[in-house]
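Structural description and commentary
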Amino acid sequence: MVRHVAVIGAGVGGLVSVKCCLDEGLEPICFESSEDIGGIWRYTDSKDHSRVSVYHSIITNTSKEMSCFSDFPYPEHFPSYLPHSLVLEYFRMYARHFDLLRHIRFQTTVLSVRKRPDFTTSGQWEVVTETDGVRESHVFDAVMVCTGHYQEPYLPLASFPGIESHFKGQHLHSREYRDVQAFRGKRVLVVGIGNTGGDLSVELSHVAAKVFLSTRSNTWVMSRVSDHGFPCDMVGTTRFNHFLDWLLPAALTRRIRFRRFNSWFNHTNYGLASSKSSKFKMIINEELPFCLLSGTVVLKPNVKEFTENSAVFEDGTTEENIDVVLFATGYNFSFPFLEESVGSVIDDNRSLYKCVFPPQLEKPTLAIIGLIQLTGSIMVGSEMQARWVTGVFAGWNKLPPPSRMMADVLKRKPPVKRNPSERENLKMSFISYMDEIAACAGIKPSVFRLLLTDPQLALAIFFGPCSPYQFRLVGRGKWSGARAAILTQWQRTLKPLRTRVVDDNSDSSSGWCWMCLLALPAALTAGFLFSKYGQPGWSPWAG
């Protein structure tokens, strides 16, 4: 029976894992190599290569209501999109509220995690740690690895001939970037157009002599600000939209989505993407289109090669006098502390059962938390994983036998190993994944049942944002404040904007009521279909 649990890392995944262990009556000890909580969200000016930190100007690209812990909303006065300082403050509030810090050993590095000789019967692990040069060995019944996937910079220099042998300027990975000062007055080439590449290009354009942004991907750019000024994820990430994606033909939903993207600006005119593209990525960036329109950022294709002071691109064009090349090419993950027989087979999150459990283990006492890429908040996904995992450890949730888990992994795993930029295209649907894990944990809400017992809540869940509070309505860990949190989430979104109130006699609530009444038949139908076909493991994209 599992009782003592090792949690590795005190970032987002580590904090929720400690809390979920306590909720299930388990005894966690969290090992954190640095001196504080927060993981990558604890910004530092230091360029210490032993840890990854966000850059100074970063703003979250998921809103507070869609990225909070499910039983602990952000303070209502916090803005919808947050700088790193407020995210870290929220983590501290969470840790204090649930008394998590006393379970964390800071400045303690995990050196190795190995199976005990009797693992096939006990499922236990030997964990070796080091604190101030002193090594210590521990025995744990289970281990939760919460080191995330932002660990080692992915720097594919071999794919760019001349960058090391000929180019005389500076090249660096975005991990080393902190602020704009070192780039003032320089001609900068940013390689990679993910969220980081887009953000840094925009920021550098304010001080650099010129910024070039090189990409080989078709990219759709979205704004954080959506209809009527609300956060885009609150408007777009709904069960209703999810149901339509499942119901309508894929070609039609893709066309609708592309038309919506192009309603802001024509991506083909900007050289970003074409509606004919079958492969594409999406990034969040309100400023990039204006920077392209004003010429402060110039979009370029993939780099073919570098000379002493210039970059030659695949379309034959050349940009001279490049001072700095900034690679925003993502990260690799690794688990050097795991014994070879376990760590060597985890080459992608799809090597894991439900992106969590190594399926080949005789006992399911090792879980990887936060190694996911979702269309929504990874924080919320990590908490869901931790709730399910601790339920498994405590004996409430059951896993299928290893053979079935392995078969499920082989069915989902891509045929070839992908680099980080290609893994971006493997993002999973936020609602699909959350519902899948919630069903495994017995905490998935039933819209159809709620329509019969609490129609107001059911309509808010189906047509409103799929916020984390939905997964605290039923099952273990049910939170008495979940219903109120769902019904007041729009008010909390507007609260920080009420710094200057203007008169408006329009009654928006009446429009909402009429919409709910008109949509009731659709909600009943959808609830029935989801209750009939939305079984554990079901996904609108399956098949």
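Everything numeric here is computed off the predicted structure, so don't read it as measured data. (Residues numbered from 1 in each chain as written. Predicted model: local features only at pLDDT ≥ 70, side-chain atom pairs only at ≥ 80, totals over all residues. Heavy atoms only, no water.)

1. Concerning the sheet that holds strand β5 (residues 125-131)
What counts here: By this definition, two strands are paired if DSSP reports at least two bridges between them. We count a stretch as a helix when DSSP gives it H or I for four or more residues in a row; a strand needs E for two or more, and each element gets its number in order from the N terminus. Orientation is described by axes fitted as lines to C-alpha atoms, over the contacting stretch for helices, and by angles from 0 to 180 degrees between their N-to-C directions.
With antiparallel pairing, the three strands of this open sheet are ordered in space as β4-β5-β6. Every interior strand has two partners, whereas the edge strands, β4 (108-115) and β6 (134-140), have only one. On average, each strand axis in the sheet is inclined to that of its neighbour by 20 degrees, with strand direction left out of account. Sheet analysis places β4 next to β5, joined by seven bridges and oriented antiparallel. Among the inter-strand pairings, Arg 114 is bridged to a residue of β5, identified as Glu 126.

2. Structural notes on the pattern of salt bridges
The following threshold applies: By convention in these notes, a salt bridge is any Lys or Arg side-chain nitrogen within 4 Å of a carboxyl oxygen on Asp or Glu. Each residue is assigned to one of three classes by its accessible area relative to the maximum for its type, calculated with a 1.4 Å probe on protein chains only: buried under 20%, partly exposed between the two thresholds, exposed over 50%.
Tallied over the entire structure, the rule returns 23 salt bridges. For the salt bridge of Arg 42 with Glu 35, the shortest nitrogen-to-oxygen distance reads 3.4 Å. Assessed through its relative accessible area of 9%, Arg 42 is described here as buried. Across the pair Glu 362 and Lys 115 runs a salt bridge whose closest N-O atoms are separated by 3.8 Å. Taken as a pair, Glu 362 in the loop between α10 (340-343) and β20 (366-368) and Lys 115 in strand β4 lie far apart in primary sequence, 247 residues in all. Since its relative accessible area comes to 41%, Glu 362 is described here as partly exposed.

3. Some details on the side chain of Glu 203
Rules: Neither His nor the chain ends is counted toward charge; the positive residues are Lys and Arg and the negative residues Asp and Glu. In what follows, residue pairs with any heavy atoms lying within 4.5 Å of each other are defined as contacts.
Within the secondary structure layout, Glu 203 lies in helix α5 (residues 195-204). Put simply, Glu 203 is tucked away with no salt bridge, and the nearest opposite charge, on Arg 184, sits 9.6 Å away. Apart from the residues lying within four places of it in its own chain, the contact partners of Glu 203 are Ser 57, Tyr 177 and Val 180.

4. Let's talk about the pairing of strand β10 (residues 187-191)
Operational definition: With its strands directed away from the observer, a crossover is right-handed exactly when the path from the first strand over the helix to the second travels clockwise.
Among the five residues that make up β10, four are buried, leaving the element largely enclosed by the rest of the structure. In the sheet, β10 pairs with strand β11 (residues 210-214) via five bridges, with the strands oriented parallel. Across the sheet, residue Leu 189 finds its bridge partner in β11, namely Phe 212. Handedness of the β10-α5-β11 crossover: right-handed.

5. So, the packing of aromatic side chains
We describe a pair of aromatic rings using the distance from one ring centre to the other and the angle between the two ring planes. So the rule is basically this: Ring pairs are drawn from Phe, Tyr and Trp, using the six-membered ring of Trp, whenever the two centres fall within 6.5 Å, and their geometry is named by plane angle: stacked under 30 degrees, edge-to-face over 60, tilted for the rest. Criterion for a charge above a ring: Arg CZ or Lys NZ at most 6 Å from the ring centre, at most 35 degrees from the ring normal.
The tally for this structure, following the rule as stated, stands at 34 aromatic pairs. Between Trp 264 and Phe 265, the ring centres sit 5.1 Å apart and the planes meet at 75 degrees, which makes this aromatic pair edge-to-face. In this structure, Lys 19 is placed above the aromatic ring of Phe 98, and the distance from its NZ or CZ to the ring centre is 4.6 Å. Positioned over the ring face of Tyr 81 is Arg 224, at 5.8 Å from the centre of the ring.

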